[in-house]
Amino acid sequence: MEQIVPDFLLCLKGTNSLAEAEKQFMIQADHWLCDLVSTQLESLDDEMFKASDDQCLRKDQRNLQCVFGNVRFFRRLVNTADGSHVYPLDAAMGLLPMRRYSPHLSQLIAQIASTSTMRATANAVSTLTMASISFQAVDNVVRQVGQDIRDVRQAETNNEDCWPDIKPKALPELFVEADAYEVKQKGGKGKRLLVHRFQVYEGVMVNGKRHILINRHVNSNLSRHVALKEMEVYLLQHYDMKHATVFSGSDNGSGYEPEVFTDLTAGAAQHVHVLDRFHLNQRSNNASPSLQTRSSFKIRCAKHCTGTIGKGLTSF
């Protein structure tokens, strides 16, 4: 600790460029942080072992790539009372086996990759942090983070004890929509995946020409049943629908029929299902001229009623 300030002063005095001094500062700070974290992790492992009755089998080294650099530390593999072999330090810190990158760095990588290409993400991470990563590794990290999120959602869905301790909202109106879309699978030579998506929001706020969905929440999954179940749990957690009118919208395709939304919003004071605006326009335009003339008034009324639902679907 006492050597930190003198080292920084040497960096500052050893160059006439602030940019070069800043670069040297970062290198020194990263080395110091890596040593500090490594020392503290090993000390924590010692404390945990002393407080337990487990048998130490051996000490193994682990490398963990963090934002500030590569942390190397030793921790114990122990034999527990039930005969299983575990690393107590890994379990306490939430470090999963065979993961090279720290949870925080993995989160940052996935966040950047969500709005960029794998190569651009790898370049950004290698430039802005002390971590070095290839675009193939970026793809692996994104997949791992996605699987972790799915595991957490599945656990919360199946176990009511994991539900957040919040008071459900009692609103007069609520809007629920669902749709499915295809995405091209990476490296799949034309193969496409069908993604199912459900969303709920509390209304639409107009800001100039923009329409913003209020408190929008989206559940998406390759399995329609999983996405539907997650949305059902979310509605139970966050909304008291006993006095609410729930408006639902979809294209009425397979798996998105009105009765699906009736079951989803069970317990609501009233449920109104409408065909989304796009498909309503499509069907009205394809109708025969005589039918269009007879039904023009009803169609105009229906389009007016689907206005809010239509704004939500365009946000998908």
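Just so it is clear, the structure is predicted and the values come from calculations on it, not from any experiment.

Caption draft 1: Representation of the nonpolar core within the structure. Membership of the largest hydrophobic core comes to 19 residues, with the highest contact counts inside it found for Phe198, Val200, Leu235, Met241, Phe261 and Leu264. At the level of secondary structure, the elements contributing two or more residues to this core comprise β4 (173-184), β5 (192-201), α7 (224-238) and α8 (258-264). Examining the composition of this core, we find that five residues originate from one element, α7, more than from any other. In this view, Phe261 contacts Val176, Glu177, Ala178, Phe198, Ser248, Gly249, Ser250, Tyr256, His271 and His273; residues no more than four positions away in its chain are not counted. Core analysis: the second largest hydrophobic core is formed by 14 residues, Ala110, Ala131, Ala137 and Val145 among them.

Caption draft 2: Molecular detail of the sheet that holds strand β8 (residues 217-221). On the basis of which strands lie adjacent, the open sheet formed by five strands has the order β8-β5-β4-β9-β10 and mixed pairing. Looking at strand neighbours, the two that pair on one side only are β8 and β10 (270-275), the edges of this open sheet. When strand polarity is set aside, the average angle formed by the axes of neighbouring strands in this sheet is 20°. Bridge count for β4 against β5 is ten bridges, and the pairing is antiparallel.

Caption draft 3: Spotlight on the environment of Leu264. As for its position among the elements, Leu264 is in helix α8. Considering only alpha carbons, one finds Leu264 and Val176, 88 residues apart in sequence, at a separation of 9.3 Å. If we skip the residues at most four places from it in the chain, Leu264 touches Val176, Phe198, Leu228, Met231, Glu232 and Leu235.

Caption draft 4: View of the state of the cysteines. Counting across every chain of the model gives zero disulfides. Take Cys66: it sits in no disulfide, and the sulfur closest to it among the cysteines is that of Cys34, at 6.8 Å. Under the relative-accessibility criterion, Cys66 is labelled buried at 9%.

Caption draft 5: Representation of the sheet that holds strand β3 (residues 85-86) in the model. Taken in spatial order, the three strands line up as β1-β2-β3 in an open sheet, and their pairing is antiparallel. The sheet is open, and its two borders are formed by β1 (55-66) and β3, each paired with just one other strand. As defined by bridge partners, β1 adjoins strand β2 (residues 69-79) across eleven bridges and the pair is classed as antiparallel. Looking across to β2, one finds that Arg62 is bridged to Phe73. Running over the sheet, helix α2 (residues 18-50) touches β1 and β2 and is turned about 10° from β2.

So, how was this worked out
Residues numbered from 1 in each chain as written. Predicted model: local features only at pLDDT ≥ 70, side-chain atom pairs only at ≥ 80, totals over all residues. Heavy atoms only, no water. Core = buried A, V, L, I, M, F, W, Y, C linked by side-chain atoms within 4.5 Å. Buried < 20%, exposed > 50% of the residue type's maximum accessible area, 1.4 Å probe, protein only. Helix = DSSP H or I, 4+ residues; strand = E, 2+ residues; numbered from the N terminus. Contact = heavy atoms within 4.5 Å. Pairing = 2+ DSSP bridges. Axes fitted to C-alpha atoms, helices over the stretch in contact; angles between N-to-C directions. Disulfide = S-S within 2.5 Å.

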